[in-house]
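Fold and contact review
What follows is each chain in one-letter form.
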Amino acid sequence: MIVPKTLEEINQMIADGVEENISLDYKAADALQNTDGKKKEIAKDVSAMANSAGGVIIYGVKESDDEKRKHLPETITPIDCRTFSKEQLEQIINGNVSPKIEGLLIHPISTGNEFDVVYVVEVPQGDTAHQNTKDRRYYKRQNFISEPMLDHEIRDVMNRSEHPKIELLFEIVKETYETNLEVRPFNIGRVYANYINFFVVLAEELVEG
């Protein structure tokens, strides 16, 4: 998931109609308020993202009201950082999600006016299940929404830290007389992997070429 870091990148997402998905959520500015109801929603959405695949929540971008364009970004609704600061958002997340989500980042992006910003919240996938302490429930991302998790789903997420997490880097290396495909495994989890098995399937024309 590409994390927008500039106003130009956010405007491009709106222009391209980048739809919400399991790893992307848009929230209008009024989603950020210091009320118990809004704090509950913030904690629910962030914990659900961590319990699923991780991703990005953009506060300050409104979805379309048109039913046919639902879940598509429509316009920027700026947040006054004097009224609702990055620190306030961070405190709400850390104070209402347990355990704390390690590696969570909040990027304030200026809209061009002195105090107006958009907050891009980068949520990593959790190594365990994260609870919304406002209602004591566990949530997950399901398509475009956050919904409560079942018992077996919570157990599965809690077991993430017990298994290795491997990513493969593929690189095509061209030499004088041949071209090789190099595959490099990386352990991005906390558990050491003793053995790694993987299979690579290539199109026949690539192998013959």
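Residues numbered from 1 in each chain as written. Predicted model: local features only at pLDDT ≥ 70, side-chain atom pairs only at ≥ 80, totals over all residues. Heavy atoms only, no water.

**A few points about the overall build of the protein chain**
Of the regular secondary structure elements, the protein chain holds 5 helices and 13 strands. Overall, the protein chain is about 65 × 40 × 35 Å in size when its C-alpha atoms are taken along their principal axes. Put simply, the protein chain has 209 residues, and 37% of those count as buried. Across the protein chain, the fraction of contacts at a sequence separation of at least 24, relative to all contacts at a separation of at least 6, is 61%. For the protein chain, the exposed surface amounts to about 12800 Å²; the carbon and sulfur share of it is 48%. (Helix = DSSP H or I, 4+ residues; strand = E, 2+ residues; numbered from the N terminus. Buried < 20%, exposed > 50% of the residue type's maximum accessible area, 1.4 Å probe, protein only. Contact = heavy atoms within 4.5 Å. Areas by Shrake-Rupley, 256 points an atom, 1.4 Å probe, with all protein chains shown as cover.)

**Points about helix α3 (residues 86-96)**
Turning to α3, its buried residues number three or more, namely L89, I92, I93 and N96. Along α3, the residues classed as buried sweep out an arc of 95° about the axis, all on the same side. Opposite the packed face of α3, turned more than 90 degrees from it, sit the exposed residues Q91 and G95. Elements in contact with the buried residues of α3: α2 (36-51), β2 (55-59), β6 (97-98), β7 (105-110), β8 (116-123) and β9 (131-132). (Arc of directions from axis to C-beta.)

**So, helix α1 (residues 7-16)**
Within α1 the residues assigned to the buried category are L7, I10, M13 and I14. Seen along its axis, α1 keeps its buried residues to an arc of 120°; they face one direction. Residues of α1 that are exposed and point more than 90 degrees away from the buried face comprise E8, A15 and D16. Buried positions along α1 lie against β1 (24-27), β2, β3 (61-63), β4 (73-76), β7 and β8. Within two residues after α1, G17 carries a phi angle of roughly 65°, on the positive side.

**Here's the deal with the side chain of K44**
For K44, the location among the structural elements is in helix α2. Since its relative accessible area comes to 15%, K44 is described here as buried. For K44, the contacting residues outside a window of four places in its chain are N132, Y139 and S146.

**Let's talk about the packing of aromatic side chains**
Inspection of every chain in the model, using the stated rule, returns 0 aromatic pairs. Against the face of F115 rests R82, its NZ or CZ located 3.9 Å from the ring centre. (Phe/Tyr/Trp six-rings, centres within 6.5 Å; stacked < 30°, edge-to-face > 60°. Lys NZ or Arg CZ within 6 Å of the ring centre and 35° of its normal.)

**Points about the pairing of β1**
Burial along β1 is two-sided: L24 and Y26 facing one way and D25 and K27 facing the other are all buried. Direction of pairing for β1 relative to β2: parallel, over a ladder of 4 bridges. In the strand pairing of β2, Y26 is matched with I58. In terms of handedness, the path from β1 via α2 over to β2 forms a crossover that is right-handed. (Pairing = 2+ DSSP bridges. Right-handed = clockwise from strand over helix to strand, strands pointing away.)

**Topic: the pattern of salt bridges**
Counting across every chain of the model gives 13 salt bridges. Put simply, D25 and R141 hold a salt bridge, and the shortest N to O gap is 3.4 Å. Of this pair, D25 sits in strand β1 while R141 sits in strand β10 (residues 137-142), and the two are 116 residues apart along the sequence. Residue classification places D25 among the buried residues on the basis of a relative accessible area of 3%. Of the residues examined, R141 reaches a relative accessible area of 3% and is grouped as buried. Note that K62 and E74 form a salt bridge whose closest N and O atoms lie 3.1 Å from each other. (Salt bridge = Lys/Arg side-chain N within 4 Å of Asp/Glu carboxyl O.)

**With respect to the side chain of E20**
Within the element layout of this structure, E20 appears in the loop between α1 and β1. Comment: no salt bridge for buried E20; closest opposite-charge side chain is R141, at 5.3 Å. (Lys, Arg positive; Asp, Glu negative; His and termini not counted.)

**Description of the nonpolar core**
By size, the foremost hydrophobic cluster in this structure holds 23 residues, and its most contacted members are V46, Y59, L89, I93 and V121. Among the secondary structure elements, those contributing two or more residues to this core are α2, β2, α3 and β8. It is α2 that contributes the most residues to this core, 5 residues altogether. In terms of nonpolar packing, the next biggest core, distinct from the first, is built from 14 residues, M13, I14, Y26 and V56 among them. (Core = buried A, V, L, I, M, F, W, Y, C linked by side-chain atoms within 4.5 Å.)

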